[in-house]
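# A look at the structure
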Amino acid sequence: MSRSELITRIFPFFHWIERINSKSFRPDLEAGLVGAILILPQSIALSSLAGMPPEYGIYTSIFPVIFASLWGSSWHTLSGPNTAVCVLLAYSVAPFASVGNEVYIGYVLALTFMVGVIQLSLGLAKLGAILDFISHTVISALVLAVALVIILSAASDFLGILSNAYESFPTRVYQLWHDIPRANPFSVVVGSITLISGILSRRYWKRYSLVIAVVIGSLSSWLLNLFYGGGTTQLELVGNLTLDLFPLSFPHFELESIYVLKELVASAFAIAFLGLMQTIVISRSIANKSGQTIETNQEIIGQGVSNMVAPFLSSFAGSGYFNRSAAHFDAGARTPMAAVYASMILAAMVLLGYSLFAYIPSATIAGALILVGYSLIDTGEIRLMLRSRQEAFIFISTLLIALFFGLNAGVFIGLLISLVLYLWYASSPNVMLEEHSARDGRPVSVVIIDGNLFFGSVRHVERALRQLGDPDDKCIILLRTDHLTYLDIPGAALIASEVKRRRESGDDVYIYVARDGIVDVLKAAGCLDIIGSDHLIYRDYDHEMKSLIYPARGTGFINKSRTSISDNHNEVITTETLTKKLRSTRFLGPLTTAQLNMLVEESEIQSASAGDIISADDEPMLGHLILIEGELEAQRIWTTENGKSKSYTRILNPSLVEDGLAFLGAANQIRVRAVTDVKYLLIDAEKIDALIGWSEQFAEDIADDLDLKHRMDLIKSVSVFYKVPLENIKEALKSYILETGLADVIHTHAFTDETECVHKLSAGDAFGEEALVQEGYRNATVTMTTPGKLLVLDKIDFNRLLRNQMVDEIEADTALDLVKNQGAKWIDCRYDMEYQESRIPGAPLISLGTLRNQTHQLNPEVKYIVYCRSGRRSRAAAYLLKERGFNALSLIGGIKNWPYDIDAKPLENSIID
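## With respect to the pairing of strand β3 (residues 430-437)
- Here β3 runs beside strand β4 (residues 443-453); their pairing, made up of eight bridges, is antiparallel. Looking across to β4, one finds that V431 is bridged to I449.
- Counting the residues in the hairpin turn of β3 and β4 gives five residues, including G441, whose phi is positive at 95°.

Next comes the structure, spelled out in structure tokens:
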């Protein structure tokens, strides 16, 4: 490790420090100001929730925040006092000391240090993946439990009475019921005014609602004391704060405290995990919007460092806080320095006006806490969790355990439930059978085990293999291990046993191996003697059976359980069928059915014999060639800057394309020769340009913009720019498309490891927009095949310039109305397994992969509403359909946010009228 790498490892903020410049200073400073204003009332309220003096909440909002931002991974997550963490701190320490005294404070600081040590150890050991096993359902249940505990804990101060603090939830409910008759009416009035003003202000000034509520509540207390006198109202105030510029402190680690510290170890683990769970969830949710990649272990290290430093600066344990982080991001923060600015501004505000805090009444703090607790209750998410029996059981179990046995128990039981769920699913890998014919005509059965094959899943896989049955005819069986994520000795023994059983019934069995680790386990288990080394087919080495077993390129596998919109590629070509198929091409999709019919009728189907030259390289091909039957060779010839002649050859064959058409765009210096007898259609490129209306769209601007005029030919051939505002196109053209030359889009087949060209790019073509709409990345490589210039538009600019114009999204209510009253049709674009679990009633399954290749079978007169699990894939599907001329919308939030009935009855997979 070099010296610079070591320094960066110790001080990770050197990774992003170069992002700090004059452009980022103002947005970061403005975001810091917003963050400081928001956290001020929260810090006082949450310190009360933790049983700590108000100044400790303020310190926690200043010092740990800086360390968490500098040593963490997220650019936008703000740490500090966290509602759930504060509740756990108080419930953990209250049994051992009186709330608020020096001993209590010392124990809280010691517990905070223990939390930091645990978190830092997890981060340094790179155990952040543990958090991936925690179910979102468990987190939702814990958050709801925390919300209810907060509301109940604040009830005493709201009523203005004393009660036993931090009893169990049922006991507190019982106490509250009997305390209501003893309530101080003035305290109830102040708390109610705080509560009502906070609820009302949320409708208009949501970001500042808590600040407004605290100010109005404090003013109401001042007015009541003014009219009735403090002796009558008996409103308890926060009191004077003792703030220091350097508030040094030390945790309580005396020998006489060893017993208490031992008792707090379990609480330290619970707080550490609960804080990390919320921090990672917050970081990832904001990163999905910002496009940043979160490094989980570094984020954990940042939390650990901040909590280890906190007790020495009069601060208690904290974690990421969603409301503050979301406001921080919305305010335009660009770097973690915004968090540093927020802490500095907060410190200045407190030092200049801390005397005003003494007049804040406890009832106002209670009202603010009830608002905080109420904001944590997400009724939509609760309904979602209760819709599935399994999720409802997990949710209710975790919630009841947290309420009746304490939040510590809830955290640990929640973790246990999550791990049990993980093991349950890990022990049930998916076993699939795909069948095709080998090149010598023998049947081939390909068995795929997708998941973990270990001691816990052996019985499940064994039962699944038996259920697949034995083929009637003796065949070649290929067991693929490239989808195995983990294999142990019992799993290897099962593979050997299945090989032996199949061979005894007369089948020839081979094992496909993609990783050396699989072979090592088979060897360690002594299975190679049974399998035979000659029956192992390695991905990276030749084998005599490779050319026999693997299907011919372009045919793929035929899965018995898979369906497609249409499998008939031998239908008679008519104007109607040709028009339907042309709609599925990305270039001709924007045209209407009537326009395509006219083009097809005006462009007669032509024929050529083997060897005929359709286009010579000394003259341009002015039309777009649609190959219907046969095979063509297209050769592009050009001269390099050194005067050398170069060529590029492409073979077109419609039988290798799903929709049965091969497309060759108009180009200069291209030689097209018929390899076999062919039938093709040549469509005039200028007519297409006129029909799409590109010339009219840019007519007013092209004369004054030489750069736009220079790139007019490129703009016309990129369907992604169809109907996008001109100013967006101008900016996107600077860095999005292939400007000159030719390029191939190369995909590596996961099974054969053979590379295949899945897309051809020529000057003006765009690639990857569908994946960007989906907020993902296409698994392919773009390689230049001729000298040229490839321009790339990054994800952030794509979202800013193009995405909103490319996809239309609708809410559930609107979608339901379109289906019921306007004849719109559903499309479920998820995977088979997801579809079998649940679906919107009346929604057939047309997966995104199938839809991508066979849109020509859809009805162009129908409006389609596409949905997936969360809305990401459906955005890509809706864009795909819209690009090809269909009226398509994407359901916001997918089936996760569908509030109506869910169907579990299988449907026919057909949407053809």
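## A look at a nonpolar patch on the surface
- On the surface, a nonpolar cluster with roughly 560 Å² of combined accessible area is contributed by L6, I7, I10, F11, F14, I17 and I20.
- According to the relative accessible area criterion, I17 is partly exposed, its value standing at 38%.

## Regarding the sheet that holds strand β15 (residues 662-664)
- Ordered by their spatial adjacency, four strands build an open sheet running β10-β17-β12-β15, and the pairing between neighbours is antiparallel. Here the strands that pair on one side only, and so sit at the sheet edges, are β10 (606-608) and β15. Across the sheet, the axes of successive neighbouring strands diverge by a mean angle of 30°, strand direction being ignored.
- Strand direction decides the pairing type here: strand β12 (residues 623-629) and β15, joined by three bridges, are antiparallel. Among the inter-strand pairings, I626 is bridged to a residue of β15, identified as F663.

## Here's the deal with the pattern of salt bridges
- By the definition in use, this model includes ten salt bridges.
- Here the residues in one salt-bridge network are R459, E462, R466, E498, R501 and R502, joined through shared partners.

## Re the sheet that holds strand β26 (residues 887-891)
- Strand order across the open sheet formed by four strands is β23-β26-β25-β24, with parallel pairing between neighbours. Edge positions in the sheet fall to β23 (809-810) and β24 (825-828), since each of these pairs with one other strand and no more.
- Of the pairings in the sheet, the one linking β24 to strand β25 (residues 863-867) comprises four bridges and is parallel in character. Along β25, the bridge assignment pairs I827 with V866.

## Structural notes on the environment of I846
- Among the structural elements, I846 can be located in the loop between α36 (832-837) and α37 (848-853).
- For the pair I846 and C829, spaced 17 residues apart in sequence, the C-alpha separation works out to 5.2 Å.

## A look at the side chain of S397
- With respect to the secondary-structure elements, S397 resides in helix α19 (residues 389-405).
- According to the relative accessible area criterion, S397 is buried, its value standing at 18%.
- Among the polar contacts listed, one links the side chain of S397 to the backbone oxygen of F393, at a separation of 2.6 Å.

Criteria and thresholds
- Residues numbered from 1 in each chain as written.
- Predicted model: local features only at pLDDT ≥ 70, side-chain atom pairs only at ≥ 80, totals over all residues.
- Heavy atoms only, no water.
- Pairing = 2+ DSSP bridges.
- Helix = DSSP H or I, 4+ residues; strand = E, 2+ residues; numbered from the N terminus.
- Patch = residues over 30% accessible without salt bridge, like charges linked within 9 Å, V, L, I, M, F, W, Y side chains within 5 Å.
- Areas by Shrake-Rupley, 256 points an atom, 1.4 Å probe, with all protein chains shown as cover.
- Salt bridge = Lys/Arg side-chain N within 4 Å of Asp/Glu carboxyl O.
- Buried < 20%, exposed > 50% of the residue type's maximum accessible area, 1.4 Å probe, protein only.
- Axes fitted to C-alpha atoms, helices over the stretch in contact; angles between N-to-C directions.
- Polar contact = N/O pair within 3.5 Å; in protein donor to acceptor, adjacent residues only side chain to side chain.

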